[in-house]
Amino acid sequence: MVIKEEILHSVGAITRHYQPSEVIFNEGDIPKYYYQIVHGEAKLNNYTDDGKEVIQTLLEDGQSIGESLLFLDKLYPVNAVAITKCSVLRLPKAIFLDLIKLYPEISFNMNKTLSQRLYFKLIMAQNLSSQNPAAKLKVLMDYLKSFQKEQSPYSFMIPLTRQQMASLTGLCVETAIRTIKVMEKKKIVKIKDRKILY
DNA sequence: TCATTAAAGTTAT
DNA sequence: ATAACTTTAATGA
């Protein structure tokens with residue numbers, strides 16, 4: 001969690017509720033608020049000209065949404081959309097920036113968050129250019145698994161749908177599915193009632 | 001080789 | 001029930 005919820009409340013953050021697929025902000029909107037997910041799952045996405053979804057980031061409890069734009073004078077380059085029902089704390093940008101100046105711990109956490117996002121982007125950037133589908137999926141899974149304590153084979157259930165994995169790696173779902181099956185044959189993953197174990 | 005299209009089965013809401 | 005997700009197969013770049 002980037003900022004303690006009590007602090008956010010105490011400086012006037014309000015809780016907003018979103019239904020699945022409800023928009024939190026749109027590409028092109030002016031960034032005016034800091035958002036932090038209390039509970040739920042959301043994503044940052046774009047659409048290619050032919051309508052295919054590209055997922056930039058998946059976000060869950062405790063994570064902030066689109067925070068990098070609060071330090072810039074730019075419009076949002078992505079949409080933020082709730083995946084599940086979400087409750088989100090929302091704080092005006094100016095107050096957020098004051099918090100950053102006031103509390104070293106919050107500032108540090110924000111640096112950490114931004115570094116985290118940058119790291120993910122670097123890893124995924126390498127991935128999107130070149131590479132075969134199996135390598136792309138493996139890089140994604142390695143990244144996800146890197147947060148787990150348990151590192152033994154097949155101990156990690158990938159918390160994504162094949163659809164989401166495809167949208168994160170720029171593959172079409174069918175290719176993702178076929179590739180995952182090949183990876184199962186090669187003992188890279190196991191599949192237990194449709195769930196991917198890595 | 002991978003994307004696309006279509007069609008159908010499965011799961012979640 | 002309906003929508004979202006998964007799977008298979010055929011076809012084309």
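Residues numbered from 1 in each chain as written. Chains lettered and ligands numbered in written order. Predicted model: local features only at pLDDT ≥ 70, side-chain atom pairs only at ≥ 80, totals over all residues. Heavy atoms only, no water.

## Description of the overall build of chain A
Now for step 1: A tally of helices and strands in chain A yields 6 helices and 10 strands.
Now for step 2: The globule rule puts the C-alpha radius of gyration for 198 residues at 16 Å, and the 18 Å found for chain A is close to it.
Now for step 3: Each principal axis of the C-alpha distribution contributes one length, and for chain A these read about 55 × 40 × 30 Å.
Now for step 4: Across the 198 residues in chain A, those meeting the buried criterion constitute 39%.
Now for step 5: Long-range contacts, defined as pairs at least 24 residues apart, comprise 71% of the intrachain contacts of chain A with a sequence gap of at least 6.
Now for step 6: With the model as given, the accessible surface of chain A reaches about 11300 Å², and the carbon-plus-sulfur share is 56%.
Now for step 7: Looking at chain A, you have 27 positive and 20 negative side-chain charges, and the mean spots of the two groups are 7 Å apart. (Helix = DSSP H or I, 4+ residues; strand = E, 2+ residues; numbered from the N terminus. Rg over C-alpha atoms; globule rule 2.2 N^0.38 Å. Buried < 20%, exposed > 50% of the residue type's maximum accessible area, 1.4 Å probe, protein only. Contact = heavy atoms within 4.5 Å. Areas by Shrake-Rupley, 256 points an atom, 1.4 Å probe, with all protein chains shown as cover. Lys, Arg positive; Asp, Glu negative; His and termini not counted. Charge placed at Lys NZ, Arg CZ, Asp CG, Glu CD.)

## Examining the packing of helix α2 (residues 93-102) against helix α3 (residues 104-128)
Now for step 1: One can describe the packing of α2 onto α3 by two numbers: an axis separation of 5 Å at closest approach and a directional angle of 110°. When the axis of α2 is compared with that of α3, the two are roughly perpendicular. Facing Phe96, Leu99, Ile100 and Leu102 of α2, the residues of α3 in contact are Pro104, Ile106, Ser107 and Met110.
Now for step 2: Tallied by class, the residues present in the contact of α2 with α3 amount to 7 nonpolar, 1 polar and no charged. (Axes fitted to C-alpha atoms, helices over the stretch in contact; angles between N-to-C directions. Parallel < 35°, antiparallel > 145°, perpendicular 65-115°, else oblique. Nonpolar A, V, L, I, M, F, W, Y, C, P; charged D, E, K, R; others polar.)

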